[in-house]
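# Commentary on secondary and tertiary structure
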There are 2 protein chains.
Amino acid sequence: MDFNIRKAVSNDMIHVYGMIKELAEFENMPNGPQIDEKKLIEDGFESENPIFKCFVAECTDSKIVVGYAIYFPIYSTWEGRALFLEDLYVKPEYRKHHIGLKLIKAVAKQALSENCKRLDLHVLSWNPAMKFYEKLNAVNLTKSEDWNFVRFGTDAIAKLAE
Amino acid sequence: MDFNIRKAVSNDMIHVYGMIKELAEFENMPNGPQIDEKKLIEDGFESENPIFKCFVAECTDSKIVVGYAIYFPIYSTWEGRALFLEDLYVKPEYRKHHIGLKLIKAVAKQALSENCKRLDLHVLSWNPAMKFYEKLNAVNLTKSEDWNFVRFGTDAIAKLAE
């Protein structure tokens, strides 16, 4: 089997949404996803300022979409423009074909072409992807520098905004 | 002394840049900042797609800028549009006036008005700001769910993009 990586189009979002739900299940958070494919199309393709970008991996022959990477621009007050990799996922039955590597390489090429000095992401510590990223020379800033990832959720935002 | 919060303009960036350097010193990373005020103006005000937004706190009488909050839009494949608070800083000599609270309230109001379900940020675990955020009902996802903050730096990106 051969696979190629291409920029996603809005028609891919139904498949990407299916994989977002699979990834949430893998992360033991099946009820995590609160949006749907329509919202993905709106936010990534139809909005005046699309907020995210997406690569998909497809089977060269069957054109089946078997993986995706969603990323968006962020900003560092130390190093300027950077990218954040929100999700990287390959369907279990298509693993061991280096598809994840191809997807993250596409994002890294994008980062390089946009002169980004950083590509950041979040990983659950028990996720085997952690080792995959470390092999590719990523640094775990939580371990090395004690950075914590902190969130104000909907209720906290509403209270703070009062 | 009285302070008010307003949206930053490009002329504020020289003061914001000075405070970015102060914050880096506080984080024991005085050589962290690799950009300058010109880059901040370019990326936040003169670009076709400004990448970050900024609130500043100013002394009502003297108009001296004494604090800032830099934030930008991010995206969650679970909850849609969200905001990320990159920096929140108040000059040491102006603390204890609730200026930090006023700044983060302005960002929370912005999040609410943009229908954002999350306001995320990173904090060093020894930074007293951690307690400030927790008091305001933020959740430390590194502690509660074991999320790690991971980075591909410039060299790792270049190697990956080969």
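Keep in mind that what you see is a predicted model, and the values were worked out from it rather than measured.

When helices and strands are counted, chain A shows six helices and seven strands. Along chain A, helices (α) and strands (β) appear in the sequence β-α-α-β-β-β-α-β-α-β-α-β-α when read from the amino end. Taken over C-alpha atoms, the radius of gyration comes to 17 Å for chain A, in line with the 15 Å a tight globule of 162 residues would show. Counting every position in chain A, which comprises 162 residues, the buried fraction comes to 52%.

Further remarks concern the nonpolar core. The biggest cluster of nonpolar side chains holds 49 residues, and the ones touching the most others in it are Tyr68 of chain A together with Tyr68 of chain B. Among all residues touching Tyr68 of chain A, those that are not within four sequence positions of it are Val16, Met19, Ile20, Leu23, Cys54, Phe55, Val56, Asp87, Leu88, Tyr89 and Leu103 of chain A.

Residue and element names in this part refer to chain A. Across all of its chains, the model carries 18 aromatic pairs over all chains by this definition. Each ring, one from Phe55 and one from Tyr71, has its centre 5.7 Å from the other, and the planes form 15°; the classification is stacked. Placement of Phe55 in strand S2 (residues 53-59) and of Tyr71 in strand S3 (residues 65-76) is noted, with a sequence separation of 16 residues between them. Grouping residues by exposure puts Phe55 and Tyr71 together as buried. Both rings, one in Phe72 and one in Phe84, keep their centres 5.5 Å apart while their planes meet at 20°; by these two values the pair is stacked.

Take the pattern of salt bridges next. With the rule as written, the count across this model stands at 18 salt bridges over all chains. For Asp43 of chain A, the salt bridge is made with Arg81 of chain B, and the minimal N-O distance between the two is 3.6 Å. Linking Asp43 of chain A in helix H2 (residues 37-46) with Arg81 of chain B in strand S4 (residues 80-90), this pair reaches from one chain into another. With a relative accessible area of 27%, Arg81 of chain B lands in the partly exposed category. Of the charged contacts, one joins Arg6 of chain B and Glu58 of chain B as a salt bridge, the two residues approaching to 3.1 Å between their closest N and O atoms. Residue Arg6 of chain B is located in strand S1 (residues 3-7), and its partner Glu58 of chain B is located in strand S2 (residues 53-59); the two are separated by 52 residues in the primary sequence. You can call Glu58 of chain B buried: its relative accessible area is 8%. Within the structure, one salt-bridge network assembled from shared partners comprises Lys39, Glu42 and Asp43 of chain A together with Arg81 of chain B.

A separate point is the interface of chain B and chain A. Across the contact, 72 residues belong to chain B and 72 residues belong to chain A. Taking both sides of the interface into account, the surface hidden between chain B and chain A amounts to around 7,100 Å²; carbon and sulfur atoms contribute 60%. Of all residues in chain B, Tyr75, Trp78 and Arg151 of chain B give up the largest surface area on contact with chain A, accounting jointly for 13% of the area buried on that side. On the surface where chain B and chain A come into contact, there are four salt bridges. Counting across the chain B and chain A interface gives 35 residue pairs in polar contact (both at pLDDT 80 or more). Counting residues per element, the side of chain B that touches chain A draws most heavily on helix H3 (residues 99-113) of chain B, at seven residues. Across the side of chain B that touches chain A, the residue classes tally to 39 nonpolar, 15 polar and 18 charged. Bridge analysis of strand S7 (residues 147-152) of chain A against strand S6 (residues 139-140) of chain B gives two bridges, and the strand direction is antiparallel. Its bridge partner being in S6 of chain B, Val150 of chain A is matched across the sheet by Asn140 of chain B.

So, how was this worked out
- Residues numbered from 1 in each chain as written.
- Chains lettered and ligands numbered in written order.
- Predicted model: local features only at pLDDT ≥ 70, side-chain atom pairs only at ≥ 80, totals over all residues.
- Heavy atoms only, no water.
- Helix = DSSP H or I, 4+ residues; strand = E, 2+ residues; numbered from the N terminus.
- Rg over C-alpha atoms; globule rule 2.2 N^0.38 Å.
- Buried < 20%, exposed > 50% of the residue type's maximum accessible area, 1.4 Å probe, protein only.
- Core = buried A, V, L, I, M, F, W, Y, C linked by side-chain atoms within 4.5 Å.
- Contact = heavy atoms within 4.5 Å.
- Phe/Tyr/Trp six-rings, centres within 6.5 Å; stacked < 30°, edge-to-face > 60°.
- Salt bridge = Lys/Arg side-chain N within 4 Å of Asp/Glu carboxyl O.
- Buried area = accessible area lost by both parts, 1.4 Å probe.
- Polar contact = N/O pair within 3.5 Å; in protein donor to acceptor, adjacent residues only side chain to side chain.
- Nonpolar A, V, L, I, M, F, W, Y, C, P; charged D, E, K, R; others polar.
- Pairing = 2+ DSSP bridges.

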